[in-house]
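# Observations on the three-dimensional arrangement
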Amino acid sequence: MRRWPAVRSYRPPAVLWDAVLVAAALVDVRIHFAPDEPLRMVCALLAALVLAARRRLPSPTFLLALPSALVSDAVFATLAALYTLASLSRHRVLLAGCAPAYAACDLTWWSWPAPEFLEPHESSALVTVTYSVATGVAPVFLGRLVQARRELSLRLDEISEAGEHERLLLAQGVLARERAQLAREMHDVVSHQVSLIAVRAGALQVGSRDPGTREAAATIRRLSVQTLEELRHMVSVLRASGSRPTELTPQPSLADLRRLVDSSGIEAELRTDLPDDLPPAVQRAVYRTVQEALTNVRKHAPGATATIHVRHRGGTVHATVANTAPTRPALPGAHHGLVGLRQRAELLGCTVASGPTPDGGYALRLELPAEATT
C-alpha cells in the first residue's frame, strides 16, 4: 500500500509575527490618536515599538508597554507584551502581580497633575472592574497554556525518541542472541564434523598404498583444515559482534574522547592526563564509560552540565563523569547501559560505582588496572 508523505504545517518565522504585532499595535494607536495629548501618544508609540524585542526581553517589554494602559486607551501592545511574558516566564509570582498591575492601570485615568480613579459608588463599577481584571488575566492564562503545550510537545518528542531507542536495543538484543546461537551451532556441530573429516582423511593418507588415494586424502585433509580455520574465524567474528552490530568497525581509543565530548550535545568539560600507550582494552573501557555517562546525562538530566576527569595514579586508571542537577524534568530509564558497564567492568577486573551527588546531580566512577586485558 502506498504511503503518502506527511503534510507539514507551515509556521511563519518569528520576525514576521513580531512585525504583524507591531503593525496591529500601531493601528490601535492610530484609532486612539489624540493630537492634543503628546504624552499619551508617546507612551502608546513606545509600547507598540518595543514589541519587536518581546521575545528577547519579555519583562522590560511589558514594563515599557504598561504606561500605555495608564495614560491611553491603546492597550493592544500592553496585552501582547503580557501574553509574551506569560508564555516565556516560569515565575508565577511575577505573573500573579502583572495581571493586577494591568487591571489597576486600566481602571486609572491619568490626568495631570493627579490621576483619576474609578468611583466605587457608580452602578457600573463592578462590571468595569470585572472586565479589567478579566482582560488582564486572559493573556496570562493563554500564555501559560501555550507554554504548557510547548513543554508537553517536547516531552512527547523525548518519549518517542526513548521508545525508538528501546526498540533499537530490543532488535539488537534479538540479533545478538541469534548470532550467539549460530556461533554455538557452528562450533559444536559443524566444527566437530569437519574435524572428524580431517582426522579420517589423515588416517587414510597414512594407511593407503595407492598414490591416487593418498593424494585425494591429502587434498581432503588440507581443505578440512582450511575450513576449520575459516570456521574458527567466523565463530570469533559472530561472538565478537554478538553484543552490538558495530563491533566490527574500528574500536575507539583515548584519542577519540575529545570528539565524543564535543559531539555529545551537552556542555561538558574534559580533563585527562592518560598516556597514549595504555592497552586497547583499557582505552575502550574508558571510552565506553564516558560515552554511556554522557548519554545518561543527555537523557536523564536535560539542561545539566558535565565534567569528565580521567587520570592515571599508581597503576590504576580513574575515570569520573559528574553532572549538575537537571533544569527540566527527566525521562525514566531502565538502566540497561549501567548494567552493560558493570558487565564490562567484571571482565576487566575493575569496578564501576554510580550515585547522586550532594548538589542534586549524578556521578559515575570507574577504576581499573592500567594493564587490564580482554
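Criteria and cut-off values
- Throughout this document, residue positions are counted from 1 along each chain, in the order its sequence is written.
- Where local features are concerned, this predicted model is filtered to residues with pLDDT of at least 70; where side-chain atom pairs are given and counted, the filter is 80 or more; whole-chain, interface and lining totals use all residues.
- Side-chain descriptors were evaluated using all non-hydrogen atoms of the structure, hydrogens and water having been removed beforehand.
- Patch construction takes residues with relative accessible area above 30% that form no salt bridge. Like charges are linked within 9 Å, and nonpolar side chains (Val, Leu, Ile, Met, Phe, Trp, Tyr) are linked within 5 Å.
- For every accessible area listed, the method is Shrake-Rupley and the probe measures 1.4 Å; residues are considered covered only by the protein chains on display.
- The salt bridge definition used is simple: a Lys or Arg side-chain nitrogen within 4 Å of an Asp or Glu carboxyl oxygen.
- A helix here means a DSSP run of H or I that spans at least four residues, while a strand means a run of E at least two residues long, and both kinds are numbered starting from the N terminus.
- Only protein chains enter the area calculation, which uses a 1.4 Å probe; residues under 20% of their type maximum are buried, those over 50% are exposed, and those in between are partly exposed.
- Within 3.5 Å is the distance limit for a polar contact, defined as a pair of N or O atoms, with the added protein rule that one can donate a hydrogen and the other accept it, and that residues adjacent in sequence qualify only through two side-chain atoms.
- Two residues form a contact once any of their heavy atoms are found within 4.5 Å.
- Helix span, as expected, comes to 1.5 Å for every residue beyond the first.
- Each direction from the helix axis to a C-beta atom contributes to the arc, which is the arc of those directions.
- Note on geometry: axes are lines fitted to C-alpha atoms, helical ones only across the stretch in contact, with angles between N-to-C directions running from 0 to 180 degrees.
- Each angle receives one of four descriptions, namely roughly parallel if under 35 degrees, roughly antiparallel if over 145, roughly perpendicular if within 65 to 115, and oblique otherwise.
- Helix crossings fall into two classes, left-handed where the near helix is turned counterclockwise from the far one by less than a right angle and right-handed where it is turned clockwise.
- Basically, the charged four are Asp, Glu, Lys and Arg, the nonpolar ten are Ala, Val, Leu, Ile, Met, Phe, Trp, Tyr, Cys and Pro, and anything else, Gly included, counts as polar.
- The pairing criterion for strands is at least two bridges between them, as found by DSSP.

## Re a nonpolar patch on the surface
On the surface, Val129, Val133, Val137, Phe141, Leu142 and Leu145 cluster together into a nonpolar patch covering about 520 Å² of accessible area. Checked against the element boundaries, Phe141 lands in helix α6 (residues 125-207). Residue Phe141 is classed as exposed on the basis of its relative accessible area of 58%.

## Topic: the side chain of Ser224
Note that Ser224 resides in helix α7 (residues 211-240). Looking at Ser224, the relative accessible area reads 7%, which means it is buried. A polar atom in the side chain of Ser224 sits 2.7 Å from the backbone oxygen of Ile220. If sequence neighbours within four positions are ignored, Ser224 has contacts with Val194, Ile197 and Ala198.

## With respect to helix α4 (residues 76-88)
The terminal C-alpha atoms of α4, which comprises 13 residues, lie 19 Å apart, in line with the 18 Å expected from a rise of 1.5 Å per residue. Taking burial as the measure, the 13 residues of α4 include ten buried ones, the bulk of the element. For α4, the set of buried residues is Ala77, Thr78, Leu79, Ala80, Ala81, Leu82, Thr84, Leu85, Ala86 and Ser87.

## Considerations on helix α5 (residues 92-107)
With 16 residues, α5 should cover 22 Å at 1.5 Å per step; its first-to-last C-alpha distance of 23 Å lies within 8% of that length. Leu95, Cys98, Ala99, Tyr102, Ala103 and Cys105 are the residues of α5 that are buried. With its buried residues spanning 165° around the axis, α5 presents them on a single face. Along α5, exposed side chains directed more than 90 degrees from the buried face belong to Val93 and Ala96.

## Focus: the packing of helix α3 (residues 58-71) against α4
The geometry of α3 relative to α4 is characterised by a closest axis approach of 8 Å and an angle of 155° between their N-to-C directions. With respect to their mutual orientation, α3 and α4 come out roughly antiparallel. At the point where α3 passes α4, the crossing takes the left-handed sense. On the side of α3, the interface is formed by Pro58, Ser59, Thr61, Phe62, Ala65, Leu66, Ser68 and Ala69, while α4 contributes Ala77, Thr78, Ala81, Leu82, Leu85 and Leu88. Per-class residue counts for the contact of α3 with α4 are ten nonpolar, four polar and no charged.

## Here we look at the environment of Leu341
As for its placement among the helices and strands, Leu341 is situated in helix α10 (residues 336-348). Residue Leu341 is classed as buried on the basis of its relative accessible area, which comes to 7%. Each C-alpha atom of the pair Leu341 and Leu366 lies 9.4 Å from the other, and the pair is 25 residues apart in sequence. Excluding its chain neighbours within four sequence positions, the residues that come into contact with Leu341 are Arg288, Thr289, Glu292, Val352 and Leu364.

## What about the sheet that holds strand β3 (residues 268-272)?
The five strands lie next to each other as β3-β4-β5-β7-β6, forming an open sheet whose pairing is mixed. What marks the edges here is a single partner per strand, and that holds for β3 and β6 (351-356). Shown here is a sheet whose adjacent strand axes are inclined to one another by a mean of 10°, direction ignored. As defined by bridge partners, β6 adjoins strand β7 (residues 362-369) across six bridges and the pair is classed as antiparallel. Looking across to β7, one finds that Thr351 is bridged to Glu367.

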